[in-house]
Amino acid sequence: MAGRRGALIVLEGVDRAGKTTQCCKLVEALCDAGQRAQMLRFPERSTEIGKLLSSYLEKKSEIEAHANFSLDWCKQPDVGLPKPDLVLFLQLQLADAAKREGFGCELYENQAFQKQVLQRFYQLMEDPTLNWKIVDASKSFEEVHEEIRTVSEATICTAAQRPLEELWK
Ligand code: ADP
Ligand code: MG
């Protein structure tokens, strides 16, 4: 008999929306509750390709960057990957993100670029095949955490009964 499967929960949002902070808190809370939760970063900056991306984003190396491809073109490398059971969008006004510690340190952390990123997120959210949930990321650390934990626990229960699907297929 096949075992119960876990859930794939993705945290999204503009730079400094709180993704890393909330993902760590969620994994910790789930592990404390006896779940085998693990955080995966995308990109994972410790791999060979990740190191290259990281140094580029930290403005330490120059790589020719193409930025004019269509959204559909950009989605292609992810087609067929495990489909997330839940995509939490940490919604934050760009003016508020810009006030957070570290904003501006990396290459694309400026309001004009982040505004375009936000527009692309809203375009992606129109896709009804994905389970997006908007979370108000302007609230306190604890309030955001509680909301994310509650919806994640419910998702873990329902995912166990459902087959794993493929993204954008
Ligand atoms: P991301 O991974 O989305 O870029 P981080 O989790 O690294 O964002 O958070 C960016 C900064 O904002 C950090 O200094 C973090 O402490 C702060 N921060 C995160 N969540 C909140 C919050 N709810 N309220 C205030 N500051 C926050
Ligand atoms: Mg982060």
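Computed from a predicted model, the values in this text were never measured in an experiment.

### A word on the overall build of the protein
Then, in step 1: When helices and strands are tallied, the protein shows 6 helices and 3 strands.
Then, in step 2: Along the chain direction, N to C, the helices and strands of the protein fall in the order β-α-α-α-β-α-α-β-α.
Then, in step 3: For the C-alpha atoms alone, the extent of the protein along its principal axes is close to 50 × 35 × 30 Å.
Then, in step 4: For the protein, the residues scored as buried account for 32% of the 169 residues in total.
Then, in step 5: Accessible surface computed for the protein: about 11400 Å², of which carbon and sulfur atoms make up 54%.

### Focus on the layout of surface pockets
Over the atoms, a rolling probe the size of a water molecule traces out where space has been left empty.
Then, in step 1: If you add up the space inside the second largest pocket, you get close to 220 Å³.
Then, in step 2: In this structure, the second largest pocket is lined by 15 residues; those nearest its centre are Pro84, Asp85, Asn131, Arg162 and Glu165.
Then, in step 3: Grouping the constituent residues of the lining of the second largest pocket by class yields 6 nonpolar, 4 polar and 5 charged.

### Observations regarding the site of ligand 1
Then, in step 1: Of all residues adjacent to ligand 1, which total 14 residues, the nearest are Arg16, Lys19, Thr20, Thr21 and Lys139.
Then, in step 2: Gly18 has a polar backbone atom sitting 3.0 Å from an oxygen atom of ligand 1.
Then, in step 3: Taking Lys139, its main chain carries an N or O atom lying 2.9 Å from a nitrogen atom of ligand 1.
Then, in step 4: In isolation ligand 1 has 560 Å² of accessible area, and contact with the protein removes 76% of it.
Then, in step 5: In terms of residues, the shell around ligand 1 owes the most to one element, helix α1 (residues 19–32), which gives 3 residues.

### Some words on the pattern of salt bridges
Then, in step 1: Per the counting criterion, the structure on display carries 13 salt bridges.
Then, in step 2: When the shortest N-O distance is used, the salt bridge between Lys51 and Glu48 registers 3.1 Å. Within this pair, Lys51 and its partner Glu48 are both found in helix α2 (residues 48–57), separated by 3 residues, close to a single helical turn.
Then, in step 3: With relative accessibility at 43%, the residue Lys51 sits in the partly exposed group.
Then, in step 4: Through salt bridges with shared partners, a single ionic network connects Arg45, Glu58, Lys60 and Glu106.

### Concerning the packing of α1 against helix α6 (residues 141–159)
Axes are the key here: two packed helices are described by the angle between their axes and the distance separating the axes.
Then, in step 1: Close contact between α1 and α6 brings their axes to 10 Å; oriented N to C, the two are set at 55°. Between α1 and α6, the angle is such that the two are oblique. Remark: the crossing between α1 and α6 carries right-handed chirality. In this structure, α1 contributes Thr21, Gln22, Lys25, Leu26, Ala29 and Leu30 to the contact, and α6 contributes Phe141, Glu142, Val144, His145, Ile148, Arg149, Ser152, Glu153 and Ile156.
Then, in step 2: Per-class residue counts for the contact of α1 with α6 are 7 nonpolar, 4 polar and 4 charged.

### Considering the side chain of His145
Then, in step 1: Along the chain, His145 falls in helix α6.
Then, in step 2: With residues up to four places along the chain from it excluded, the contact list for His145 reads Gln22, Lys25, Leu26 and Ala29.

### Focus: α2
Then, in step 1: Taken together, the buried positions of α2 are occupied by Gly50, Ser54, Ser55, Tyr56 and Leu57.
Then, in step 2: Looking one or two residues past α2, Lys59 carries a phi angle of roughly 65°, positive in sign.

### Details of the side chain of Glu109
Then, in step 1: Inspection of the secondary structure puts Glu109 in the loop between α4 (94–99) and α5 (111–125).
Then, in step 2: Residue Glu109 is classed as buried on the basis of its relative accessible area of 7%.
Then, in step 3: In terms of polar contacts, Glu109 uses its side chain to reach the side chain of Arg16, at 2.7 Å.
Then, in step 4: Engagement of the side chain of Glu109 in a polar contact is seen with the backbone nitrogen of Cys105, the distance being 3.3 Å.
Then, in step 5: With residues up to four places along the chain from it excluded, the contact list for Glu109 reads Asp15, Arg16, Gly102, Phe103, Gly104 and Gln114.

### What about the nonpolar core?
Then, in step 1: Counting residues in each nonpolar core, the largest one holds 31 residues, and the members touching the most others are Leu11, Leu88, Leu90, Trp132 and Ile148.
Then, in step 2: Top contributing element to this core by residue count: strand β2 (residues 86–91), with 5 residues.
Then, in step 3: Those residues within four positions of Trp132 in sequence are excluded, and the remaining contacts are Glu12, Val87, Phe89, Phe121, Leu124, Met125 and Asp127.

Conventions and cut-offs
- Residues numbered from 1 in each chain as written.
- Chains lettered and ligands numbered in written order.
- Predicted model: local features only at pLDDT ≥ 70, side-chain atom pairs only at ≥ 80, totals over all residues.
- Heavy atoms only, no water.
- Helix = DSSP H or I, 4+ residues; strand = E, 2+ residues; numbered from the N terminus.
- Buried < 20%, exposed > 50% of the residue type's maximum accessible area, 1.4 Å probe, protein only.
- Areas by Shrake-Rupley, 256 points an atom, 1.4 Å probe, with all protein chains shown as cover.
- 1 Å grid on protein atoms, 1.4 Å probe; cavity = no way out; pocket = protein on both sides within 12 Å on 5 of 7 lines; lining within 4 Å.
- Points joined across faces, edges and corners; volume = space filled by probe spheres on them.
- Nonpolar A, V, L, I, M, F, W, Y, C, P; charged D, E, K, R; others polar.
- Near = heavy atom within 4 Å.
- Polar contact = N/O pair within 3.5 Å; in protein donor to acceptor, adjacent residues only side chain to side chain.
- Salt bridge = Lys/Arg side-chain N within 4 Å of Asp/Glu carboxyl O.
- Axes fitted to C-alpha atoms, helices over the stretch in contact; angles between N-to-C directions.
- Parallel < 35°, antiparallel > 145°, perpendicular 65-115°, else oblique.
- Left-handed = near helix turned anticlockwise from the far one by under 90°.
- Contact = heavy atoms within 4.5 Å.
- Core = buried A, V, L, I, M, F, W, Y, C linked by side-chain atoms within 4.5 Å.

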